[in-house]
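# Notes for the structure review
Spelled out, the chains give:
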Amino acid sequence: MVDLRQLEKDFDTIATSLKRRGVDEKLLEKLKILFEEKKGVQKRLEAAQAEQNQKSKLFGQYKREGKDLSELQKEVAENKARIAALNDELRTLDERLFEVAATIPNIPDADVPDGEDESDNVEIKKILEPKTFDFQPKEHWELAEANGWIDFERGVKIAKSRFSALRLTGARLERALINYMLDFNRNRGFEEVYVPFMTNAESLYGTGQLPKFADDLFKIEGEELYLIPTAEVPVTNLFRDEILDADALPYRLTAYTPCFRKEAGSAGRDTRGIIRQHQFDKVELVAITTPDQSDKLFEEMVACASDLLTSLGLPHRQVLLCAGDMGFSAAKTIDLEVWLPGQGKYREISSISNTRDFQARRAKIRYKDGKKNRLVHTLNGSSLAVGRTLIAIMENYQQADGSINIPDVLKPYL
RNA sequence: GGACAGGUGGGUGAGCUGGCUGAAACCACACCCCUGCUAAGGGUGCGUACCUUUACGGGUACCGAGGGUUCGAAUCCCUCCCUGUCCGCCA
């Protein structure tokens, strides 16, 4: 959520920044006006309330002294009606303010490049040369089927399209990867946590998935609960509505969870294989920090995920997302794209974002800075998407005969 | 799911026959004094959010959440949520 007081003060700066993300300036104008209107009504309301409090005290006093109450009673009744009216007005304004404010994305960092979509992202660096094959490398679904690792038809039968089942070494490798990633992150100082796979609406609001992106979420019927689209939601919300001890910061956390996404609007994209599934495993990194350390932690998290790929021998590149391609809550995002020889393309396997105080403001995560409570910065990033790592291993470690080698670092985990 | 008991400030915990309580007391915490270290003692401060003020300060709201009664509610009434204990059921 944007800081409304800051918006009031530096309207032009913020409007310019948000325009880079395609936010209509008129919307911001509206927000600013609503905010000012609200303040006016609030002042009048509070004045009326102060008057009421005073008169109520007098009322008690008069009564004790046996004085005539009729005049006072009339005044108080009139004032009461005024309070009720102002209260309604304030509530309406608040609702409208919330409606607008909650749908405005985060302000991009200054060093985020301009651009509208993926094509404007900026490659930072490549790590590991893609291997050359002396045969035509296959795509992962061919390899998966040939080795019996993935059962697409039965996954669809027991659920629906974009679901699949893993079998044999595929199933075991999935689990091995999860364990390997968690251990890798733990060795880098990230505390392993295990969290609920469903969360309530407040949590999803806190990290920015709601109210704007309800269509992407699976909701449990008859409950105010949703299946999580990413571990970022439960892990970051561990600290919602809390005031943290500054000395304990930063928190570095890592968690394995499955993720559930409706993939609304991506019909027809990546329909073959397991690139885009309604359910997939992910190991996530989350950091909660004081603002002065958030840049450092961002670098640390990018390095952690990138080194993890390197340790698996997977060629990849780091890409700085342009303003138009970033997620709603992010101020800055670096994606890691892994090389898939079968597709002959780099594909996203990790995404690391600094949300600055955007989520913290929504989720009310603060820390004590001397006397003052200040908003923390929150960061999140995939350690790696496990399913896509499995794909990357299949495609990069495939042999001419269609069999697949296992990266050495994973052997102890199988 | 059933029965009871509860939900108050960082913690414990009063208040709950409505106004003098945003909230006692104790603990924790911060600062000061005293004590040559340690232990102990004394004093002061210490909730959150918003509005307002150059500053000192002032105002409003909040005692799980939302409604209601009342001139006035932490205190009375209703609904919901959560926690604890026992029973049932399960992993």
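Residues numbered from 1 in each chain as written. Chains lettered and ligands numbered in written order. Predicted model: local features only at pLDDT ≥ 70, side-chain atom pairs only at ≥ 80, totals over all residues. Heavy atoms only, no water.

Moving on to the overall build of chain A. Of regular secondary structure, chain A possesses twelve helices and 15 strands. Judged by the C-alpha coordinates and their principal axes, chain A covers about 100 × 45 × 45 Å. Relative to its 414 residues, chain A shows a buried fraction of 50%. A fraction of 75% describes how many contacts in chain A between residues 6 or more apart in sequence connect residues 24 or more apart. About 20,300 Å² of surface is accessible on chain A, with carbon and sulfur atoms providing 47% of the total. (Helix = DSSP H or I, 4+ residues; strand = E, 2+ residues; numbered from the N terminus. Buried < 20%, exposed > 50% of the residue type's maximum accessible area, 1.4 Å probe, protein only. Contact = heavy atoms within 4.5 Å. Areas by Shrake-Rupley, 256 points an atom, 1.4 Å probe, with all protein chains shown as cover.)

In the structure shown here, the tally under the stated rule is zero disulfides. No disulfide involves cysteine 304; its sulfur sits 17 Å from that of cysteine 259, the nearest cysteine. Look at cysteine 304 and you get buried, because its relative accessible area is 1%. (Disulfide = S-S within 2.5 Å.)

Moving on to the packing of aromatic side chains. Here the structure, examined in full by the defined rule, presents nine aromatic pairs. Judged by centre distance (5.6 Å) and plane angle (75 degrees), the ring pair of tyrosine 180 and tyrosine 413 falls under edge-to-face. Here tyrosine 180 is found in helix α7 (residues 168-187), whereas its partner tyrosine 413 is found in the segment after α12 (386-396), with 233 residues between them in sequence. Members of the aromatic cluster, each reached through a chain of ring pairs, are Tyr180, Phe184 and Tyr413. Above the plane of the ring of tyrosine 397 lies lysine 131, whose end atom (NZ or CZ) is 5.2 Å from the centre. (Phe/Tyr/Trp six-rings, centres within 6.5 Å; stacked < 30°, edge-to-face > 60°. Lys NZ or Arg CZ within 6 Å of the ring centre and 35° of its normal.)

To continue, consider the sheet that holds strand β15 (residues 377-385). One open sheet holds the eight strands; their spatial order is β1-β10-β11-β12-β15-β9-β8-β4, and the pairing between them is mixed. The open sheet has two free edges, formed respectively by β1 (122-127) and β4 (191-193), since each of these has just one partner strand. Geometrically, the sheet is characterised by an average inter-axis angle of 25 degrees between neighbouring strands, direction not taken into account. In the packing of helix α10 (residues 294-311) onto the sheet, contacts are made with β1, β8 (251-260), β9 (279-289), β10 (316-320), β11 (332-340), β12 (345-354) and β15, and the angle to β15 comes to roughly 5 degrees. (Pairing = 2+ DSSP bridges. Axes fitted to C-alpha atoms, helices over the stretch in contact; angles between N-to-C directions.)

Right, let's get into the domain arrangement of chain A. Domain boundaries in chain A define domain 1 (4-101) and domain 2 (118-413). Each of domain 1 and domain 2 has a C-alpha centre, and the two are 43 Å apart. (Domains from an automatic or database assignment.)

Taken together, 20 residues lie near RNA strand B, and Arg5, Gln42, Gln49, Ser56 and Phe59 sit nearest. Sugar and phosphate atoms represent 74% of those atoms of RNA strand B found within 4 Å of the protein. Separating a sugar or linking oxygen of RNA strand B from a side-chain N or O atom of glutamine 42 is a distance of 2.6 Å. Mapped by element, the contributors of at least two residues to the surface near RNA strand B are α3 (25-65), α4 (70-101) and β13 (365-369). Examining the composition of the surface near RNA strand B, we find that twelve residues originate from one element, α3, more than from any other. (Near = heavy atom within 4 Å. Polar contact = N/O pair within 3.5 Å; in protein donor to acceptor, adjacent residues only side chain to side chain.)

A few words now on the pairing of β13. As paired strands, strand β7 (residues 242-244) and β13 are joined by three bridges and run parallel to one another. Residue pairing for β13: leucine 244 is matched across the bridge by tyrosine 367. Summarising the sheet, β13 and strand β14 (residues 372-375) pair through four bridges and their orientation is antiparallel. Across the sheet, tyrosine 367 pairs through a bridge with arginine 374, a residue of β14.

Before going further, it helps to examine the nonpolar core. Within the largest apolar cluster, 48 residues are counted, with the highest numbers of intra-cluster contacts made by Leu177, Leu314, Met394 and Leu410. Examining the composition of this core, we find that eight residues originate from one element, α10, more than from any other. Each residue touching leucine 177, except ones within four places of it in the same chain, is listed here: Leu312, Val386, Thr389, Leu390, Ile393 and Leu410. Of all hydrophobic cores here, the second largest spans 26 residues; its members include Leu18, Leu93, Val100 and Ile104. (Core = buried A, V, L, I, M, F, W, Y, C linked by side-chain atoms within 4.5 Å.)

With that out of the way, let us pick up the environment of glutamate 174. By the element assignment, glutamate 174 lies in helix α7. Judged by relative accessible area, glutamate 174 falls into the buried class, the value being 9%. With near-sequence residues (within four places) excluded, glutamate 174 lies in contact with Leu166, Asp281, Val386, Gly387 and Leu390.

The subject of this paragraph is unusual backbone geometry. In this structure, the amide linkage connecting leucine 210 to the following residue, proline 211, adopts the cis form with an omega of 5 degrees. With an omega dihedral of -5 degrees, the bond running from leucine 249 to proline 250 counts as a cis peptide bond. With respect to the element layout, proline 250 can be found in the loop between β7 and β8. A positive phi angle, near 70 degrees, is found at leucine 128, a position not held by glycine. Within the element layout of this structure, leucine 128 appears in the loop between β1 and α5 (140-147). Residue leucine 128 is classed as partly exposed on the basis of its relative accessible area of 35%. Here the phi dihedral of arginine 162 falls at roughly 70 degrees; this positive angle occurs in a residue that is not glycine.

All right, on to the sheet that holds β13 then. Spatial strand order, β7-β13-β14: three strands in an open sheet with mixed pairing. Edge positions in the open sheet fall to β7 and β14, since each of these has one partner strand only. Across the sheet, the mean angle separating the axes of adjacent strands is 40 degrees when strand polarity is ignored.

Using the criterion set out here, one finds 29 salt bridges in the structure. With a closest N to O distance of 3.0 Å, lysine 55 and glutamate 75 form a salt bridge. Of the two residues, lysine 55 sits in helix α3 while glutamate 75 sits in helix α4, which places them 20 residues apart along the sequence. Glutamate 75 gets classed as partly exposed once you look at its relative accessible area, which sits at 30%. Three or more residues are tied together by salt bridges with common partners; here these are Glu51, Lys55, Glu75 and Arg82. (Salt bridge = Lys/Arg side-chain N within 4 Å of Asp/Glu carboxyl O.)

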